[in-house]
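Chain residues, written in single-letter form:
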Amino acid sequence: MGVLVEICSCSVEDVLESEKGGAQRVELCTALPLGGLTPTAATIFESKRLSKLPLMVMIRLRSGGFCYSEVELATMERDIEVATELGADGFVFGVLTEKGFVDRKRTKRLIERAGKLETVFHRAFDVTPDPFDALETLIDLGVTRLLTSGQKAASLQGAPLIKQLVERADRRIEVMPGGGVRVENVAEIVGITGCRQVHLTAHRGHLDTSTYANRSIAFGSDSAPSEDRVDVIDPAVVAEIVAAAQRL
């Protein structure tokens, strides 16, 4: 049966290129250099109109941690409502307390707003102080899937913990490695963890020279990507990872 491949996509074109490459599901977000933020309503609408892939929509309205105010959480709830109306198949979010534990009450609110659609707790999990307590909390809340790098910078380094999480979960929740998954290491990650799904990006750089007439101008912070670089999904890379995953 192979291993399901989910591609992190940041535009309608990304979704279409992911589908072309053979991905079985996409996570739709924007602002990937910030860790991924909520995409626009039009991006969700057009992605569903033009693609048949299941679409998991990121619900994260800002960067900089995962402890949200009441106003922020209400906005996230509204984002879920809007995306549901636009045809989203599920939602990706993470809410923590000030101490870094899973915020049970507020996570439950988002799950309830998602209704029967899938819910994914994203890599906010990777900064929780007790991963096994967090896992049991998510299972108790009824979260569909957990995205994690095993509390390390990349999934291969975190694979031993991911393996423990898969075993502890015992099919009560899906555990999906994400972060640093590549064609060259997917077999090792799957072999160590026993997971049946993987999450990754598959980008290549695209050059946009429209700013070259005045290259002294910058529109973001010093840490922002170069003004002439746009990362886009490479369907050839997607196809390669899908082929590798199907052999596992």
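Being a predicted model, the structure only gives us computed values, none of them experimental.

Conventions and cut-offs
- Residues numbered from 1 in each chain as written.
- Predicted model: local features only at pLDDT ≥ 70, side-chain atom pairs only at ≥ 80, totals over all residues.
- Heavy atoms only, no water.
- Helix = DSSP H or I, 4+ residues; strand = E, 2+ residues; numbered from the N terminus.
- Rg over C-alpha atoms; globule rule 2.2 N^0.38 Å.
- Buried < 20%, exposed > 50% of the residue type's maximum accessible area, 1.4 Å probe, protein only.
- Contact = heavy atoms within 4.5 Å.
- Areas by Shrake-Rupley, 256 points an atom, 1.4 Å probe, with all protein chains shown as cover.
- Lys, Arg positive; Asp, Glu negative; His and termini not counted.
- Charge placed at Lys NZ, Arg CZ, Asp CG, Glu CD.
- Phe/Tyr/Trp six-rings, centres within 6.5 Å; stacked < 30°, edge-to-face > 60°.
- Lys NZ or Arg CZ within 6 Å of the ring centre and 35° of its normal.
- Pairing = 2+ DSSP bridges.
- Right-handed = clockwise from strand over helix to strand, strands pointing away.
- Polar contact = N/O pair within 3.5 Å; in protein donor to acceptor, adjacent residues only side chain to side chain.
- Arc of directions from axis to C-beta.
- Salt bridge = Lys/Arg side-chain N within 4 Å of Asp/Glu carboxyl O.
- Disulfide = S-S within 2.5 Å.

A tally of helices and strands in the protein yields 8 helices and 10 strands. Expected size for 248 residues packed as a compact globule is a radius of gyration near 18 Å; at 18 Å, the protein falls within 12% of this value. On the principal axes, the C-alpha backbone points of the protein span a range of 55 × 45 × 35 Å. Per-residue burial for the protein yields a buried fraction of 46% across its 248 residues. Considering only residue pairs separated by 6 or more positions, the protein has 66% of its internal contacts joining residues 24 or more positions apart. Entry remark: accessible area of the protein is about 12,000 Å², with carbon and sulfur atoms responsible for 52%. Where the 29 positive side-chain charges of the protein centre and where its 35 negative ones centre are 4 Å apart.

Our focus in this paragraph is the packing of aromatic side chains. Summed over all chains, the structure comprises 0 aromatic pairs. The ring of Y212 carries R215 above its face, with NZ or CZ at 3.9 Å from the centroid.

As judged from the 4 bridges shared by strand β6 (residues 145-148) and strand β7 (residues 174-177), these two strands associate in the parallel manner. Residue pairing across strands places L146 opposite V175, the latter belonging to β7. Viewed along the sheet, the connection from β6 through helix α6 (residues 155-169) into β7 turns out right-handed.

Our next topic: the side chain of E77. With respect to the element layout, E77 can be found in helix α3 (residues 70-85). Residue classification places E77 among the buried positions, given a relative accessible area of 8%. A polar atom in the side chain of E77 sits 2.9 Å from the side chain of R109. Apart from residues no more than four positions distant in its own chain, E77 is found in contact with R109, L110 and R113.

Summarising the element assignment, G115 is placed in the loop between α4 (104-114) and β5 (118-121). Classification of G115 by relative accessible area gives partly exposed; the value is 48%. Separated by 108 residues in the primary sequence, G115 and I7 place their C-alpha atoms 24 Å from one another.

So, about α4. Buried residues of α4: R106, T107, L110, I111 and A114, and no others. One side of α4 carries all its buried residues, which in axial view fall inside an arc of 145°. Pointing more than 90 degrees away from the buried face of α4 are the exposed residues K105 and E112. At the C-terminal side of α4, G115 shows a positive phi close to 65°.

In this structure the tally under the stated criterion is 20 salt bridges. The residue K48 makes a salt bridge to D89 at a minimum N-O spacing of 2.8 Å. Taken together, the residues span a long stretch of sequence, with K48 in helix α2 (residues 41-50) and D89 in the loop between α3 and β4 (90-93) at a distance of 41 residues. Overlapping salt bridges, with partners in common, bring together E70, E77, R78, E81, R106, R109 and R113 in one network.

All right, on to the state of the cysteines then. Using the criterion set out here, one finds 0 disulfides in the structure. Here C8 stays unpaired: no disulfide links it, and the sulfur of C29, its closest cysteine neighbor, is 3.7 Å away. Residue C8 is classed as buried on the basis of its relative accessible area, which comes to 2%.

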